[in-house]
Amino acid sequence: MDIRTTVERARRLKQLHAQYQPLVLPTVWDVWSARTAAAAGFAALTIGSHPLADSRGAEDQEGQTFEEVLAAVRPIIAAVDIPVSVDLEAGYGQQPADLVAGLTEVGGVGLNVEDTVHSEGGRVRSTQEHASYIAGLRAAADDAGIPVWINGRTDLFIHTQDPAGVLDEAIERLRAMAQAGADSVYPVRIQDNDELLTAVVDAVGVPVNSTAHPVKHDLERFRRLGVGRITYGPLLQMAATDAIKEMLGPWAP
């Protein structure tokens, strides 16, 4: 994609985050789903690692190489005229500069990066290690002259049976990400807990991303809680799967 178009889309994505509270980014996985979401009126999209992997018969959690992911997302990004962010998991073992270069070369203008390193046995990066990785991403984007939107994700709430017990550590981690250059932060797996979501929103100074289900959740609730950004993870694809099964059921032998 032309660099000028990429820069323009990156700037547009930043504007959209300021314009909408929250900004809803439907999570897509192929050209059809991207075009469908764009035609529904959405101004930006995100490509999720889980639904992308499922659509390609691959495993989530870095079951594809970075090169395979780039080859898969290139036609999706090219198929729409709106900004597209890409879930890049923990970075596929890439150096931050290489991750940003690959993303922007295919036209991506935002990224999600998590602190669970699947290629290394699922270990969780320390707070400082993850913040340093994000700082490297920010520096690389600045050097390229492209204001890539960085969504810093923590999986601490996934890795515990007591989410409230890791709240302070999660907030510390989210703040460190923001200080390192993350434009938004993403505490996964607390979308149904008003108390935890509110605590996180009140504690950080950048938009907080929440997962949402397109049918089971209510946009107004997230707005009331102060959530700044919504993505669907694999839940849009799962909802579509449920609808397709229901439609096909009566036709099955």
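Residues numbered from 1 in each chain as written. Predicted model: local features only at pLDDT ≥ 70, side-chain atom pairs only at ≥ 80, totals over all residues. Heavy atoms only, no water.

Trainee: Any details on the sheet that holds strand β9 (residues 184-187)? Residues and values, ideally.
Mentor: Judged by pairing direction, the sheet is parallel, and its 6 strands sit side by side in the order β2-β3-β4-β5-β8-β9 without closing on themselves. Looking at the sheet topology across the chains shown, the edges are occupied by β2 (27-28) and β9. The sheet contact formed by strand β3 (residues 45-47) and strand β4 (residues 84-87) spans 3 bridges and is parallel. Bridge assignment links Leu45 to a residue of β4, and that residue is Val84. (Pairing = 2+ DSSP bridges. Helix = DSSP H or I, 4+ residues; strand = E, 2+ residues; numbered from the N terminus.)

Trainee: Residues and numbers for the side chain of His213, please.
Mentor: Tracing the chain through its elements places His213 in the loop between β10 (209-211) and α9 (219-225). His213 sits in the buried class, given a relative accessible area of 11%. At 3.1 Å, the side chain of His213 and the backbone nitrogen of Lys216 are in polar contact. Those residues in contact with His213 that lie beyond four places of it in its chain are Tyr232, Leu235 and Ala239. (Buried < 20%, exposed > 50% of the residue type's maximum accessible area, 1.4 Å probe, protein only. Polar contact = N/O pair within 3.5 Å; in protein donor to acceptor, adjacent residues only side chain to side chain. Contact = heavy atoms within 4.5 Å.)

Trainee: Tell me about the nonpolar core, and please be specific about residues and values.
Mentor: Ranked by internal contacts, the top residues of the largest apolar core, which has 70 residues, are Ile47, Val73, Leu88, Leu111 and Leu137. Those residues in contact with Ile47 that sit more than four places away from it in its chain are Thr27, Val28, Leu52, Val73, Ile76, Ile77, Val84, Ser85, Val86 and Asp87. (Core = buried A, V, L, I, M, F, W, Y, C linked by side-chain atoms within 4.5 Å.)

Trainee: How would you summarise helix α10 (residues 235-248) if you had to cite specific residues and measurements?
Mentor: Taking 1.5 Å of rise per residue, 14 residues should cover 20 Å, and α10 covers 20 Å from first to last C-alpha, within 8% of that figure. Turning to α10, its buried residues number three or more, namely Leu235, Gln237 and Ala239. Buried residues along α10 sit against α3 (49-55) and β10. (Expected span 1.5 Å × (residues − 1).)

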